Each structure stands twice: as structure tokens, then as C-alpha cells.
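What the coordinates show
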Amino acid sequence: MKELGAMKVPLVDLGAQYESIRDDVLAAVTRVCDSQRYILGPEVELAEQELAKSLSATHAIGVSSGTDALLVSLMALGVGPGDEVVTSTYSFFASAGSIARLGATPVFVDIDPATFNLDPEGVKAAVTPKTKVIMPVHLFGLSAPLDPILETAAEAGVPVLEDACQAVGARYREKQVGTLGALGCISFFPSKALSAFGDAGLVITNDDELATRVGMLRTHGAENRYYHSAIGGNFRLDAMQAAILRVKAPHLRRWLEQRRQNAARYTRLFEEADVATFGVELPVEPTGHWHTYHQYVIKAPRRDELRKHLEAHDVETAIYYPVSLHRQECFRHLGFPAGSLPKAEAAAKISLALPMYPELTEEQQTHVVEAVVHHLRMS
Ligand SMILES: *Cc1c(COP(=O)(O)O)cnc(C)c1O
């Protein structure tokens, strides 16, 4: 067998992107410092207008994080104690944490193992008279199957809140994710496809009333300063982060295209190496979906051994997510025993995220694929 060459491949490389926009970022930061306007104000307003336009939404409300985008959106939809919110068990903790923090109950649904996203039949079965909201998650940059989910929601007479935190710019049947439901939530956490230099997030919507409500809840429920008609919180986007996002947003389309090209290259290289014969499954992009590959996640038998092998060859990987939400200790009281959502539990044991970012080079990808194939042939 051919010896593996040496090369370092990080999971993400924020520095590579920063290098390409450094002057513009520093100019934007300087502009904010010189203005001495740090809370809301023109930078935040302009960022909101520009982001709304680029994401094809009528309204965009800048908030403090993706988590707070979910929390304030659930608040705007009136979610509280006694309510149930149907969501995916296979997600980052914030999807369910935001529901539980409002005293509502997350109702976890299993996934379609091919896409890691919600199984629409499971969503339908999970709806009860207590269901207040249905919250699909667009995991890894791929939209959940929204048509059947929107249909179930319409039948139940409840709104859909899209957790698009990992899927900024992704499309479903030619529409921007986050704009198909009542509200969409986006995260600008540093590792996300469009990212701030710290925590930041966005709520998008085409509903005028909901936009006003989210905007009000973002500043302690005050329509006018010091007059509070509802109980909100401090969920504001910093002017500094807004200015940096304004520099980055015009590059988003190109960065997403580069991610897609890199994903296509991984897939081609893996298929040429016939990894399917070793039981490895590659990401899929179902018809009508436009995947942005926030992550390129494969499924591999003996995943943990593969991961160690890759680490030994300087290839950084990650496991999203080792424990599904219904099996988290803090949700034990909800009564989802081991084996209750078997597809998510199985996926948690075999999924592996490979290095993915726009600036990933062909040499790096070849090294990753060779290292994977090297392990498969050895074991
Ligand atoms: C990142 C993420 C969040 C939370 O975003 P933060 O900006 O880190 O608070 C919520 N849901 C999903 C699916 C995410 O990936």
C-alpha cells in the first residue's frame, strides 16, 4: 500500500478567510470605534437591511446569538409552560434548550438517516393538541423536507419556526431557508458559514407583526424606551459584529459555491476509491434542495478507529453529535429511553464530519480521502 504523505488539515481554517478580507474588516472596526455607537444604531440597521435583501426576507432582526434568535422567536410565538414544540433529536443543544428554557416541552422526533434531518412522518405522529410550534432544523447546511412539515403544521394550525442556524443561504425548492416558515433563525457563531468575530445571530421573517414583536422583545419588550408591554430580554446584535457582517455578507454566495465545489470533489474522490464497498456512506442532496455543506458528514463503520487514524495523520475531524438530544441527562424526565429514536441513536455512532471550509485545497482534500481509504483498506 502507498505510504501516506504528511499534511495538516484542520476542521475549519478561519485564518484563511480573514487573510482575504483583513483590510476591509479592520476598516469596519475602526469605523465603529470612531463613531462611538456600539449598541444598535446605523451599523445594525444597515446590516439588517443588507442581510434581509441577500436572504430574500422582508425583515431581518439582528440578535446576540443563534441561541437567542431561537429563544426570542419562540417568545414571539407565545411559547410557554404547558406547550409542546416538535423538533429534531439530532441537532445542537440550543434547538431544544431554547424550548425548555421557556418552560415548554421539546417533543423529539427521529431522523431520516440519509439526510440527518427530521422524518416528516415522525413529525406528523408527534403532533398533539398541546403542540404550539413545529421547529425543523436544517442540519449541516441541508434543508429539512419542508413541504410535508409545512403541510402538517397547516393541518394542526401551528406556525413553523426554522432553525436555520447551520444553513444560512441554503435553498429549498428555490426558496431561501428561514423564509418558508413563520420565522427563521440564523447563527453567526465563528465556525458557521457566515460568521461574526464573536457571538451573533439573526431572525428573518416575511411577517410584519412578528418582526415588530421580535424587535421589541430584543430590547426588554419595550416599544418605546422605558415603557414595557411585554417581558423580553437583552438580545441585541453588537454594532461591531454588525459592521464585520456587512464586510462578509457580500462574499457569502461565493463562499457557499466553494463549499459546494469542495463537497463535490470529496464525493468524486471517495467514489473513485469505491468507499461504498467498505460500508461508507456519503452526504446526499435530495432533489429540490440546495446544500451549503456547513459540514461534510460521512457515515463510517468503526468510526472511532477511523477518527484516531485520521488524527494520527493530522486530519482534524468532529462528531456531530455524539449524544442525541432525547438521550441527554437534562431531558431524562421527558421519558425517551435508549432505543426510542433508533435512527438518530445509530447515526450518532457512525457519523464523522471531515474538514470543510471554502479555502480547503485540492491537495488537502486528496490527503483526507487517502487517509480515510488507507484506514479502510487496513482494517
Ligand atoms: C450553532 C447552532 C445554534 C446556536 O447558535 P449560537 O450562535 O452558537 O448560539 C442553534 N442551532 C443549531 C442547529 C446550531 O448549529
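Please read these numbers as outputs of a predicted model, since none were measured by experiment.

1. Notes on the sheet that holds strand β7 (residues 175-176)
Here we have three strands laid out as an open sheet, ordered β7-β6-β12, and antiparallel in their pairing. Both outer strands of the open sheet, β7 and β12 (289-290), are each paired with one neighbouring strand and no more. Bridge analysis of strand β6 (residues 171-172) against β7 gives two bridges, and the strand direction is antiparallel. In the strand pairing of β7, Tyr-172 is matched with Lys-175.

2. Notes on the pattern of salt bridges
Under the counting rule described, the total for this entry stands at 10 salt bridges. As a salt-bridge pair, Arg-246 and Glu-43 come within 3.0 Å of each other at their nearest N and O atoms. Note that Arg-246 is positioned in helix α8 (residues 239-248) and Glu-43 in helix α2 (residues 42-54), a separation of 203 residues in sequence. The shortest N-O distance in the salt bridge between Arg-173 and Asp-147 comes to 2.6 Å. Residue Arg-173 is located in the loop between β6 and β7, and its partner Asp-147 is located in helix α6 (residues 146-156); the two are separated by 26 residues in the primary sequence. You can call Arg-173 partly exposed: its relative accessible area is 48%. Among the ionic contacts, a cluster of salt bridges with common partners joins Arg-31, Glu-43, Glu-50 and Arg-246.

3. Observations concerning the environment of Ala-100
Among the secondary structure elements, Ala-100 is positioned in helix α4 (residues 94-101). Along the backbone, Ala-100 and Val-85 are 15 residues apart, and their C-alpha atoms lie at a distance of 9.3 Å.

4. Some words on the domain arrangement of the protein
The accessible area lost on association of the parts is a frequent measure of interface size. For the protein, the assigned domains read domain 1 (17-251) and domain 2 (252-378). With 46 residues of domain 1 at the interface, the matching set in domain 2 holds 37 residues. In total, domain 1 and domain 2 occlude about 3,600 Å² of area from one another, counting both sides; carbon and sulfur atoms represent 63% of this. The three residues of domain 1 that bury the most area against domain 2 are Phe-108, Phe-140 and His-251, which together make up 20% of that side's buried surface. Our count for the domain 1 to domain 2 interface comes out at zero salt bridges. Summed over the shared surface of domain 1 and domain 2, the number is 19 residue pairs in polar contact (both at pLDDT 80 or more). Of the residues forming the side of domain 1 that touches domain 2, the biggest block, four residues, is contributed by strand β3 (residues 105-109). Class assignment of the residues belonging to the side of domain 1 that touches domain 2 gives a composition of 26 nonpolar, 15 polar and five charged.

5. Comments concerning α8
Most of α8 sits inside the fold, with eight of its 10 residues counted as buried. Three or more residues of α8 are buried, namely Ala-239, Gln-241, Ala-242, Ala-243, Ile-244, Leu-245, Val-247 and Lys-248. Contacts from the buried residues of α8 go to α1 (14-35), α2 and α9 (252-272).

6. Description of the state of the cysteines
Summed over all chains, the structure comprises zero disulfides. Here Cys-165 is not cross-linked by a disulfide; its sulfur's nearest cysteine counterpart is in Cys-185, at 6.0 Å.

7. Some thoughts on the site of the ligand
Taken together, the neighbourhood of the ligand is formed by 15 residues, with Gly-66, Thr-67, Gln-166, Ser-187 and Lys-192 sitting nearest. Within the side chain of Thr-67, an N or O atom sits 2.5 Å from an oxygen atom of the ligand. Here an oxygen atom of the ligand and a side-chain polar atom of Gln-166 are 2.8 Å apart. Here the ligand, which alone exposes 380 Å², has 93% of that area covered by the protein. Among the elements of the structure, α3 (66-76) and α4 are those that each provide at least two residues to the shell around the ligand. Grouping the constituent residues of the shell around the ligand by class yields six nonpolar, seven polar and two charged.

Scoring rules and cut-offs
- Residues numbered from 1 in each chain as written.
- Predicted model: local features only at pLDDT ≥ 70, side-chain atom pairs only at ≥ 80, totals over all residues.
- Heavy atoms only, no water.
- Pairing = 2+ DSSP bridges.
- Helix = DSSP H or I, 4+ residues; strand = E, 2+ residues; numbered from the N terminus.
- Salt bridge = Lys/Arg side-chain N within 4 Å of Asp/Glu carboxyl O.
- Buried < 20%, exposed > 50% of the residue type's maximum accessible area, 1.4 Å probe, protein only.
- Domains from an automatic or database assignment.
- Contact = heavy atoms within 4.5 Å.
- Buried area = accessible area lost by both parts, 1.4 Å probe.
- Polar contact = N/O pair within 3.5 Å; in protein donor to acceptor, adjacent residues only side chain to side chain.
- Nonpolar A, V, L, I, M, F, W, Y, C, P; charged D, E, K, R; others polar.
- Disulfide = S-S within 2.5 Å.
- Near = heavy atom within 4 Å.
- Areas by Shrake-Rupley, 256 points an atom, 1.4 Å probe, with all protein chains shown as cover.

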